[in-house]
Amino acid sequence: MALYKGAEVDDELLCLISRMGKVEEYRESLQNLQTVWDNLTLLGYLSGTGADMSETRGAFQQLTGSLLNQLGRETLKKTVLAMESKAQVAVDIMIRNLFERTADIGFLCMDGMVRDFLKSSDGQTHSFGARDSSAERKPTGLRDELLQHFHEYVRKYSVYSNILLLDPAGNVLLQLDEHNPVQRSTDPLIAESLSTDAAYVESFRKSDLAPKQDAALLYSFRVEDEQGNALGVLCLNFRFTNETERIFANLCGQHDWSVITLLDQNGQVIASSDHWHIPVGAKLEMALEENWKVVRAAGRQYLAVTRPTNGYQGYTGPGWYGQVMLPLEHAFEHEHNLSDVPDSAMQAVMGNPNLFGTTLREIPGQAARIQRGLNRSVWNGNVSQRSKGERDGGGMNPAFSKVLLWEISNTGQRTQDVFESSIANLHQMVVSSILQDSQFQAALAIDIMDRNLYERANDCRWWALTPAFRNLLAGDTADEAACHQMTDILTNINSLYTVYDNLVLFDKAGTVLAVSNPQYKELCGKRLNEDWGRQTLQLNNSQDYTVSPFVPTPLYKGKHTYIYAAAILHPDNDSAIGGIGIVFDSTPQFSAMLTDALPHDEKGDIAPGCFGVFTDRNRRIIASTSEALQAGMTLELEEQYFQLPNGKSHSGIAVFNGNYFAVGTSVSNGYREYKSEDDVYKNDVVALIFTPLGEQREEERRSRSPAARNRLQRTTTQNNGGDTREIATFYVDSHWLGIDSRHVVEAVDVKGITSVPGSGENMVGYLMYQENILPVVGLWGMLGKSDRRRGSEDPQIIVLELGTGSRLGVMVDELGEIPEIPHERIEKISTMLSGANHLSESLIKPEGKRSAEEMIVLLSPERLRGKFLSA
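Residues numbered from 1 in each chain as written. Predicted model: local features only at pLDDT ≥ 70, side-chain atom pairs only at ≥ 80, totals over all residues. Heavy atoms only, no water.

A. Here's a closer look at the environment of tyrosine 769. Tracing the backbone shows tyrosine 769 in strand 28 (residues 763–769). In this structure, the C-alpha to C-alpha distance between tyrosine 769 and valine 799, residues 30 residues apart in sequence, is 9.1 Å. Setting aside residues up to four positions removed in sequence, tyrosine 769 forms contacts with Val745, Glu746, Val748, Leu774, Val799 and Arg807. In this structure the side chain of tyrosine 769 is engaged in a polar contact, spanning 2.7 Å, whose partner is the side chain of glutamate 746. (Helix = DSSP H or I, 4+ residues; strand = E, 2+ residues; numbered from the N terminus. Contact = heavy atoms within 4.5 Å. Polar contact = N/O pair within 3.5 Å; in protein donor to acceptor, adjacent residues only side chain to side chain.)

B. Fine view of the packing of aromatic side chains. Taken as a whole, this structure holds 28 aromatic pairs when the rule is applied. Note on phenylalanine 99 and tyrosine 315: the rings are 6.2 Å apart at their centroids and 50° apart in plane angle, and the pair reads as tilted. Taken as a pair, phenylalanine 99 in helix 2 (residues 54–108) and tyrosine 315 in the loop between strand 11 (300–308) and strand 12 (321–327) lie far apart in primary sequence, 216 residues in all. Of the residues examined, tyrosine 315 reaches a relative accessible area of 7% and is grouped as buried. Arranged with centres 4.9 Å apart and planes meeting at 55°, the rings of phenylalanine 204 and phenylalanine 240 form a pair that is tilted. Of this pair, phenylalanine 204 sits in strand 5 (residues 201–205) while phenylalanine 240 sits in helix 6 (residues 240–251), and the two are 36 residues apart along the sequence. Ring pairs connect the aromatic residues Phe550, Tyr562, Phe584, Phe590 and Phe614, which therefore count as one cluster. When the ring centre of tyrosine 556 is taken as reference, the NZ or CZ atom of lysine 559 above it lies at 4.4 Å. (Phe/Tyr/Trp six-rings, centres within 6.5 Å; stacked < 30°, edge-to-face > 60°. Buried < 20%, exposed > 50% of the residue type's maximum accessible area, 1.4 Å probe, protein only. Lys NZ or Arg CZ within 6 Å of the ring centre and 35° of its normal.)

C. Broad picture of the environment of glutamate 24. For glutamate 24, the position within the fold is in helix 1 (residues 21–47). The exposure class of glutamate 24 is buried, given its relative accessible area of 12%. For glutamate 24, the contacting residues outside a window of four places in its chain are Tyr4, Lys5, Ile17 and Ser18.

D. Seen up close, unusual backbone geometry. Positioned with a positive phi, asparagine 657 is a non-glycine residue whose angle comes to about 55°. Topologically, asparagine 657 is positioned in the loop between strand 22 (649–656) and strand 23 (659–667). Residue classification places asparagine 657 among the exposed residues on the basis of a relative accessible area of 66%. Unlike most non-glycine residues, glutamine 770 shows phi in positive territory, near 50°.

E. Up close: the sheet that holds strand 5. Spatially, five strands are ordered 4-3-7-6-5 in an open sheet, and the strand pairing comes out antiparallel. Each end of this open sheet is capped by a strand with a single partner; those strands are strand 4 (172–175) and strand 5. Between one strand and the next, the sheet's axes are offset by a mean angle of 25°, whatever the strand orientation. Both strand 6 (residues 216–224) and strand 7 (residues 230–238) contribute to a ladder of eight bridges, which runs antiparallel. Its bridge partner lying in strand 7, tyrosine 219 is registered against leucine 236. (Pairing = 2+ DSSP bridges. Axes fitted to C-alpha atoms, helices over the stretch in contact; angles between N-to-C directions.)

Right, here's the structure in full:
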C-alpha cells in the first residue's frame, strides 16, 4: 500500500488516482470533513456533552481510506475492461477477415482458367500493360478472358485491390491494376510460394509487387498443372489500409480520446486510428505481461492495453496485436446520463456480487452503522443535558451543548452522504459503462455477422462462375462422370471453406446433381422443392444471388439456416442452366459470432449471466447463446429494441425472466456493398447482448431513513422565552413518535436481547440492562397499521423510566431529534377519540405551513406502564 494525501491506496493506483476526477473530488470532501471532525472532537471534550467523538472520527477515517481505494480500483477496472474490449475486437475482426483470405488464394489457384492461361503461355513472358512486341506471344482472347475473370472476382470480393499472376521467374504475366503496372518481381514470396508445404504464403512488408504502398498484405501460392508441376504464382493484394479504417471507424466514438492501433510482433505500428497522435511506423511499448501499463509516446503519457488475437478456427494470422492507448488526462472521464433508469434497477445493481466486490458493497452499510452509532450517542447526549442541567442547577450552557450535539450529528450525516454519494456515483458509472459496453458488443456482433455473410454472398456467386460447372451443365444432360467431377470440385471447395455444412449443385430443372457432404448424397437425383431454388433459376446476372428465409430445411437436417445461391449461366449467354446452393452451418457459426461478442471479465472469461441473441425485426430468434432461447422462438422483449434504423444501436434496461438486464441492440447495415450498396438482398437482423444487473425485487428498499426525511431544523427548537417541553422523538415504521425526554434514560443497541415464547403479542424479549432484566416491547400493529413489519433492518431500543423502578424498553426503527416544543403547539387527544387501548396522549401541531403528515404523536408514560408493566 502507498500513502496518497493521507489515504492508503494500492501501489498501482498511486500514479493514477490523481487523474480520477470523481475520486479526487470525494477525497477532498472527506478530508475537509475530517478537519471538522477534529474540531468537533475537541469541542465535545471541552463542553462535557457526554458524546465521545474519537471512536466515530477514527471509524470514518479508516472507512475513508477503504472507500477511496475501492473507488480507484473500480474506476481503473472499468476503464481497462473497455480498452481491452476494443483492443481485442480490433485485432480479432482483422484476423477473422484474413482467415477468409487464406481460403481465397487456395481456391483461386485451382481455377481452371488460371491454369489454362499459364499452360498456354509455353514459358513465354508477357507483362500486361507493356506495349511491346511480346504482347503478341500470348493469345489476346485468353488473356482478356482471364482479365475479365479477375475483374469479376474483385467485383465480388471487393477486399482486394489487385491480382497478379507471375511465372516462376517472377515475370508478371497479368495484373488488374493498370495504373501501377509491375513487370517483374524479386520478392522472396515467389520462391516461398513455389516451394512451401503450407496452403498459402502470407506476407506483410514493403514489396516490389505493390510499389506505391509502404507495406502490402499479400496472399500468394503456386498454380500447378494436373501432375503437380508449378506453372506460376498467383498473388492477391489485400486492401489493408481500407479495412483498418473501417474497423477503427466502428470502434471510435465521436468524443473518444482512445487511439487504436495494430502492432506487429516487434511493437511497430502498422495501423493507427489517429495518425497525428500515433503514426504508422512508430515503435511502441506493449503491455504483454500485465493487464495495463502507463507508457510514453510522443512526449505524452498514455494508459495502454495490449491484446493478442484469440484466433479464428485455429488461424492466428501474422502475429499481430491490438493496442488501445488513452491519454492519462482523459483516461478516466466517464460520462453517464441515467435519468431513465428505474431506482429499483439501481438497487439491484448495488447488491450484485458479480459487479462489485464484497468490500465495496459493505462500505455503505459500514457508514450507516457508524452513523447510527453516532446518532445514538448524540441522542443520548441530548437526553443527558436535561438531567445534568437539573443536577448542576443550570450551571452549564445547555443551548451551546445542544447546538454542538446537533452539529456533530449533522457532520456525521454529511460524512455519510459523501460515502453514499460516491458509491451511488460509482453505481451509475458502472451501469452506464455496462449499457455502453452492451451496445458496443451488440454492434460488434452484428458487424461480425454482416462481414461473415458478405463472404457467403461472394462465395456462391464466384463458385457459380467455375468453368467446369458451366461447361458440364451446358449440355443436355450431365452423365455420371460429369456428376462425379462436380462432386470432386464441391468437395475441394468445402474443404477450404469450412463454414458450410454442404454445397449443392442442381440443373435447370432443379434436380440435385452433386453435393459436397456425403451425408446428403440421398439428395442427388431429387428435385429441390424450395422457393430459393426456383428464384435462383430465374437469375441472369453474375452479380445476383438469392438467400433462403431462415427456416428449417432438409438440406440442413431439419434445422434453421440460410442458404445462399447463385445461377450457373451458360458459357455463351446469360441464361441459367443450373445453380449452386451453399448451406451455411448456422448453428455453430452464429453461436461462435455471439460468443465472441459477449463481454468478458478481468480474467478474460465471459461475464457470468451474459448471453447474446440474433433475431429478425419480428423478434423471431435466429440464434442464441442461451439454451433456453432456440431458433424460431419469439424473444419476449419491448418493441423499441427491434425498430431502430439500419446501422443504429441503442441500450436500455429491461426486465427479462425476473431479472434486470442491460440490453444492447444493433441493427444490421451490411458490409461494403453487401446489403448496403447492392439492391440484391435485404434482410434486417438485430443483435442483442444481455448483461445481468440484478434480481427484480418485490419491494424497493428505502433509499433514505425516515429520520433523514423528517429531521427537524434547529429553528424549531427555539422559543422566544415561552414555556417549552423537551420531547425525545423516534420512528416506528412510518410513525413519528415522541415522549417527554425526562422519561428517557438512553438509547441502546439491540444486542443481547432474548426472546421468550408465549410472553405476549407485542413483547419482543428481555435484555440485561444495568444488572436488571429489562422487558422490551414493539409497537408495530398498535399504531394504526395491521402489519407488524419493521421499517429498519437495524432497530434500536429506547430505555424509558415510567415510574420509580419501572423501566421499559421500546424497540424503534430510527432515532429523531430532541427539540424543545412550545406548550401552545401541544394539543391533548380526547379520551373518547383515543380509546382505552391507545398509547398516545397528545399531538404536536406542525409549525407554520408544515404539512399535517409531520405531526408528532406523543406517547403517554402512564398508558405505556399500564399496558406493559401492570401486574
